[in-house]
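If you want the building blocks of each chain, they are given just below.
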Amino acid sequence: MYGNTGVCRVEEIGKPEYISDSDTLYYKLSPVYDTEVIYTPVDTKAFMRPVMSKEQAEKLIDRIPEIPETICDNRDMKMLNERYRACLNTHENDDLVRLIKSVYMKNKRSIKAGRHMGQTDQQYMKRAEKMLYGELAVALGMEFNQIQPYIKRRVAELEKKQA
């Protein structure tokens, strides 16, 4: 996992040809769900960590019903942006789940009231889903588009067992 880009493959570690005056080694990263190439120093301060294991992914999915959404009915767009950005920048999967659940529930309330999902809500939900679902897909050996239905099915099964 690299910053807010999400899952990346480390293609190589070395010195890019276009940098001639440095002895610094760089990771050459290829985002799994994008086409760009990222070069970052191996001693970067940017957030990086290994992708979660299959067991960690399964445990996270099992905990989704327990992770509370945050009520975010704030109409101040600057505050809403800051709140969502803070959720993304923790790089914690629980916060990504919380953000996705919060926007999903907010959208449900908006539809009931005859309104549409706001653009800010939509953008941050997509970013959170890209990061979370991307990591879950890699950890579980699944396709990205299989993750949301898989989560819904697993959560429904868990709720049935608890009923």
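Look a little higher up for the structure.
For clarity, every value in this text was computed on a predicted model and none was experimentally measured. (Residues numbered from 1 in each chain as written. Predicted model: local features only at pLDDT ≥ 70, side-chain atom pairs only at ≥ 80, totals over all residues. Heavy atoms only, no water.)

Once that is clear, we can look at the overall build of the chain. For the chain, the count of helices and strands is five helices and three strands. Sequence-ordered secondary structure for the chain, helices as α and strands as β, is β-β-β-α-α-α-α-α. Structurally, the chain occupies a C-alpha span of about 60 × 40 × 20 Å along its principal axes. For the chain, the proportion of its 163 residues judged to be buried stands at 39%. Long-range contacts, defined here as pairs at least 24 residues apart, represent 57% of the contacts in the chain between residues at least 6 apart. Total accessible area computed for the chain in this model is approximately 10300 Å², and 50% of it derives from carbon and sulfur atoms. Put simply, the chain has 27 plus and 25 minus side-chain charges, and the middle of one group is 8 Å from the middle of the other. (Helix = DSSP H or I, 4+ residues; strand = E, 2+ residues; numbered from the N terminus. Buried < 20%, exposed > 50% of the residue type's maximum accessible area, 1.4 Å probe, protein only. Contact = heavy atoms within 4.5 Å. Areas by Shrake-Rupley, 256 points an atom, 1.4 Å probe, with all protein chains shown as cover. Lys, Arg positive; Asp, Glu negative; His and termini not counted. Charge placed at Lys NZ, Arg CZ, Asp CG, Glu CD.)

Take Met117: it is sitting in the loop between α3 (93-112) and α4 (119-140). Not counting residues within four places of it along the chain, the set of residues in contact with Met117 comprises Val103, Asn107, Gln122 and Met125.

With that settled, the discussion passes to a nonpolar patch on the surface. On the surface, a nonpolar cluster with roughly 320 Å² of combined accessible area is contributed by Val10, Ile13, Leu25 and Val42. Following the sequence through the fold, Ile13 ends up in strand β1 (residues 8-14). Take Ile13: its relative accessible area is 52%, and that puts it in the exposed class. (Patch = residues over 30% accessible without salt bridge, like charges linked within 9 Å, V, L, I, M, F, W, Y side chains within 5 Å. Salt bridge = Lys/Arg side-chain N within 4 Å of Asp/Glu carboxyl O.)

Before going further, it helps to examine unusual backbone geometry. One non-glycine residue, His91, lies in positive phi territory at about 60°. Looking at the element boundaries, His91 is found in the loop between α2 (77-89) and α3.

Bringing the packing of aromatic side chains into the picture now. A complete count under the given rule lists three aromatic pairs for this structure. Relative to Phe144, the ring of Tyr33 lies with its centre 5.2 Å away and its plane at 55°, an arrangement referred to as tilted. In this pair, Tyr33 is assigned in the loop between β2 (26-31) and β3 (38-41) and Phe144 in helix α5 (residues 144-162), connecting sequence segments 111 residues apart. The exposure class assigned to Phe144 is partly exposed, which follows from its relative accessible area of 28%. Plain terms: the ring middles of Tyr84 and Tyr124 are 5.4 Å apart, the flat faces sit at 50° to each other, and that makes the pair tilted. Within this pair, whereas Tyr84 is found in helix α2, its partner Tyr124 is found in helix α4, the two being separated by 40 residues in sequence. Comparing Tyr84 with Tyr124 shows no difference in burial state: the two are buried. (Phe/Tyr/Trp six-rings, centres within 6.5 Å; stacked < 30°, edge-to-face > 60°.)

Across six bridges, the pairing between β1 and β2 is antiparallel. Its bridge partner being in β2, Val10 is matched across the sheet by Leu29. Looking at chain direction, β2 and β3 are connected through four bridges and run antiparallel. Paired with Tyr27 across the bridge in β3 is Thr40. (Pairing = 2+ DSSP bridges.)

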